[in-house]
Amino acid sequence: MTFPLNPGATIGILGGGQLGRMLSVAASRLGYRSHIYEPGAAPAGDVAHAVTNAPYEDEAAIRAFAASVDVVTYEFENVPAAALDLIESIVPIRPNRRALAVSQDRLDEKDFLTGLGLTVAPYAPVDSAADLSAAMQGQGRAILKTRRLGYDGKGQVRIAAGDDPAAAWAQVGAPSVLEGFVDFTAEISVIVARGQDGAVAAYDPGLNLHRDGILRTTTVPCGLPARLIPDAVLIASRIVTALDYVGVMGVELFVTPRELVVNEIAPRVHNSGHWTQAGCAVDQFEQHIRAVAGLPLGDGRRYADVTMENLIGDDMDRVPALLGQPDTQLHLYGKAEVKPGRKMGHVNRIMR
Ligand code: AMP
């Protein structure tokens with residue numbers, strides 16, 4: 001494979017949700033085709049050149065998919081390793097396997113981040129109720145999180161001194177990490193990109209508000225003291241450079257009065273980066289496609305103040321009203337069924 005990819009080349013995308021959908025649109029704007037691989041419902045398939053609807057265990061389907069594309073990227077990090085091994089024997093995967101491996105496992109991720117000298121919440125591996133009991137010694141409040149397959153607050157149990165460790169362990173029942181509770185004043189994220197040439201570009205950090213463990217809004221500027229902004233960007237830059245990363249990454253940070261604490265990294269475009277669609281000449285989706293196609297990174301400077309709000313479940317009822325509002329950019333994902341907690345779309349409000 002030679003990079004940069006020529007116009008008409010095909011970008012394979014593992015995962016057919018809204019992130020895959022918006023990546024496909026960005027790819028087509030740059031003259032590329034996209035091929036979505038998705039075992040379930042695939043809103044991305046509506047806007048892609050091709051779709052493979054098959055399980056990740058289907059070797060023949062994976063092989064045919066890999067053979068039909070020029071590079072493979074992904075919109076979620078829990079793709080089974082065997083599928084990735086097969087794909088990588090046929091076509092390059094960007095971002096690379098190491099980034100995926102590190103972010104698939106909370107313990108590996110924390111060890112990696114600590115190894116870079118970055119601050120994370122105090123943590124300890126927990127593989128049993130006895131481990132949990134030992135790790136809780138001297139802890140006030142903490143959160144038990146499964147090492148794998150946790151997202152949007154799932155696979156997590158809060159636990160306080162005096163609580164029964166056996167009950168908390170029974171709720172997760174899988175290899176986990178106990179994290180000390182961080183008394184943060186704010187949650188921010190940095191959407192950072194690294195190109196094939198090693199150039200790094202970060203978007204302005206956004207302030208994130210969650211409800212029920214799900215991101216509700218991201219606002220830029222984040223309103224934090226100006227001195228924190230370069231620190232946040234430098235943390236994100238160090239992470240992508242250490243991983244020899246190519247693509248866009250979301251880096252979530254807790255802000256405390258003393259320091260920035262890395263919560264987690266996502267080796268993909270990120271929900272908290274959707275504001276870039278209304279705030280920058282080159283948004284996170286185009287930036288990711290540029291990177292994986294081997295093109296130079298684009299201009300991600302922010303030219304507007306923006307609040308992104310997720311439309312979750314019944315928020316869809318607000319769509320008619322939103323369509324009439326000024327300075328409002330609506331994105332709907334084309335999901336057939338509204339369900340509580342399901343991300344159906346988002347709005348970017350430009351604040352002048
Ligand atoms: P996560 O899935 O790890 O991003 O956690 C979901 C949300 O739970 C975060 O966005 C925080 O609001 C909260 N949270 C997670 N870990 C901690 C922690 N160690 N201390 C305090 N709050 C946390």
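Here the structure is a predicted model, which is why all the values come from computation and not from measurement.

A. Main features of the site of the ligand. Around the ligand, the surrounding shell holds 17 residues, and the nearest of these are Lys145, Gln156, Glu179, Val182 and Glu187. Between a nitrogen atom of the ligand and a main-chain N or O atom of Gly180, the distance comes to 3.1 Å. Note that an oxygen atom of the ligand is positioned 2.9 Å from one of the side-chain N or O atoms of Asn263. Contact with the protein chains hides 94% of the accessible area of the ligand, taken as 470 Å² for the molecule alone. At the level of secondary structure, the elements contributing two or more residues to the shell around the ligand comprise β6 (141-146), β7 (156-160), β8 (176-180), β13 (247-255) and β14 (260-266). Taken together, domain 2 (122-180) and domain 3 (186-351) each give at least three residues to the shell around the ligand, which thus spans both.

B. Local environment of the side chain of Thr307. Along the chain, the position of Thr307 falls in strand β15 (residues 305-312). At a separation of 3.2 Å, a polar atom in the side chain of Thr307 contacts the side chain of Thr219. Excluding residues within four positions of it along the chain, Thr307 makes contact with Thr217, Thr218, Thr219, Val347, Asn348, Arg349 and Met351.

C. Here's a closer look at the pairing of β15. Of all eight residues making up β15, seven are buried, and the element is well covered by its neighbours. Alignment of strand β12 (residues 214-220) against β15, held across four bridges, turns out to be antiparallel. What sits directly across from Thr217, in β15, is Glu309. For β15 and strand β17 (residues 343-351), the ladder comprises eight bridges, and the chain directions are antiparallel. Paired with Thr307 across the bridge in β17 is Arg349.

D. Examining the nonpolar core more closely. Judged by nonpolar contacts, the single largest core of 36 residues is most densely connected at Leu5, Ile11, Tyr32, Trp275, Phe285 and Ile289. For this core, the elements supplying multiple residues, two or more each, are β1 (10-14), α1 (18-29), β9 (186-194), β12, α10 (284-293) and β15. The residue makeup of this core includes at least three contributed by each of domain 1 (10-93) and domain 3 (186-351). If we ignore the near neighbours within four places in the chain, the residues touching Leu5 are Ile11, Tyr32, Asp70, Val71 and Ala293. Of all hydrophobic cores here, the second largest spans 28 residues; its members include Leu116, Ile188, Leu243 and Tyr245.

E. Looking closely at the sheet that holds β8. Reading across from one edge, β5-β8-β6-β7 is the order of the four strands in this open sheet, with antiparallel pairing throughout. Strands at the two margins of the open sheet, each flanked by one partner only, are β5 (123-126) and β7. Here the strands of the sheet are splayed against their neighbours by 25° on average, with no regard to which way each runs. Relative to β8, β5 is paired through four bridges, and the arrangement is antiparallel. For Tyr123, the partnering residue across the bridge sits in β8 and is Glu179.

F. Representation of the domain arrangement of the protein in the model. Domain parsing of the protein yields domain 1 (10-93), domain 2 (122-180) and domain 3 (186-351). For domain 1 versus domain 3, the distance between C-alpha centres works out to 22 Å. Counting from both sides, the interface comprises 19 residues of domain 1 and, opposite them, 21 residues of domain 3. In total, domain 1 and domain 3 occlude about 1,800 Å² of area from one another, counting both sides; carbon and sulfur atoms represent 68% of this. The interface formed by domain 1 and domain 3 includes two salt bridges. Linking Glu77 and Arg268 is a salt bridge whose minimum nitrogen-to-oxygen distance equals 2.7 Å.

G. Structural detail: the pattern of salt bridges. All told, the structure shown has 22 salt bridges when counted by the stated rule. One salt bridge in this structure joins Asp204 and Arg302, with 2.7 Å as the shortest N-O distance. One end of the pair, Asp204, is in the loop between β10 (200-202) and β11 (206-211); the other, Arg302, is in the loop between α10 and β15, and 98 residues separate them in sequence. Looking at Asp204, the relative accessible area reads 23%, which means it is partly exposed. Taking the relative accessible area as the measure of exposure, Arg302 reaches 28% and is therefore partly exposed. A network of salt bridges, in which partner residues are shared, links Arg216, Glu309, Asp315, Arg318 and Arg349.

H. The environment of Glu75, seen in detail. Within the secondary structure, Glu75 is located in the loop between β4 (71-74) and α3 (81-88). A polar contact is formed between the side chain of Glu75 and the backbone nitrogen of Gly16, at a distance of 3.5 Å.

I. Summary view of the environment of Gly20. As for its position among the elements, Gly20 is in helix α1. Here Gly20 falls in the buried class, since its relative accessible area comes to 0%. Taking the C-alpha atoms as reference points, Gly20 and Thr73, separated by 53 residues in sequence, lie 9.5 Å from one another. Here Gly20 is in contact with Ile13, Gly15, Ile36, Ala44 and Glu75, once residues within four sequence places are set aside.

The rules behind the values
Residues numbered from 1 in each chain as written. Predicted model: local features only at pLDDT ≥ 70, side-chain atom pairs only at ≥ 80, totals over all residues. Heavy atoms only, no water. Near = heavy atom within 4 Å. Polar contact = N/O pair within 3.5 Å; in protein donor to acceptor, adjacent residues only side chain to side chain. Areas by Shrake-Rupley, 256 points an atom, 1.4 Å probe, with all protein chains shown as cover. Helix = DSSP H or I, 4+ residues; strand = E, 2+ residues; numbered from the N terminus. Domains from an automatic or database assignment. Contact = heavy atoms within 4.5 Å. Buried < 20%, exposed > 50% of the residue type's maximum accessible area, 1.4 Å probe, protein only. Pairing = 2+ DSSP bridges. Core = buried A, V, L, I, M, F, W, Y, C linked by side-chain atoms within 4.5 Å. Axes fitted to C-alpha atoms, helices over the stretch in contact; angles between N-to-C directions. Buried area = accessible area lost by both parts, 1.4 Å probe. Salt bridge = Lys/Arg side-chain N within 4 Å of Asp/Glu carboxyl O.

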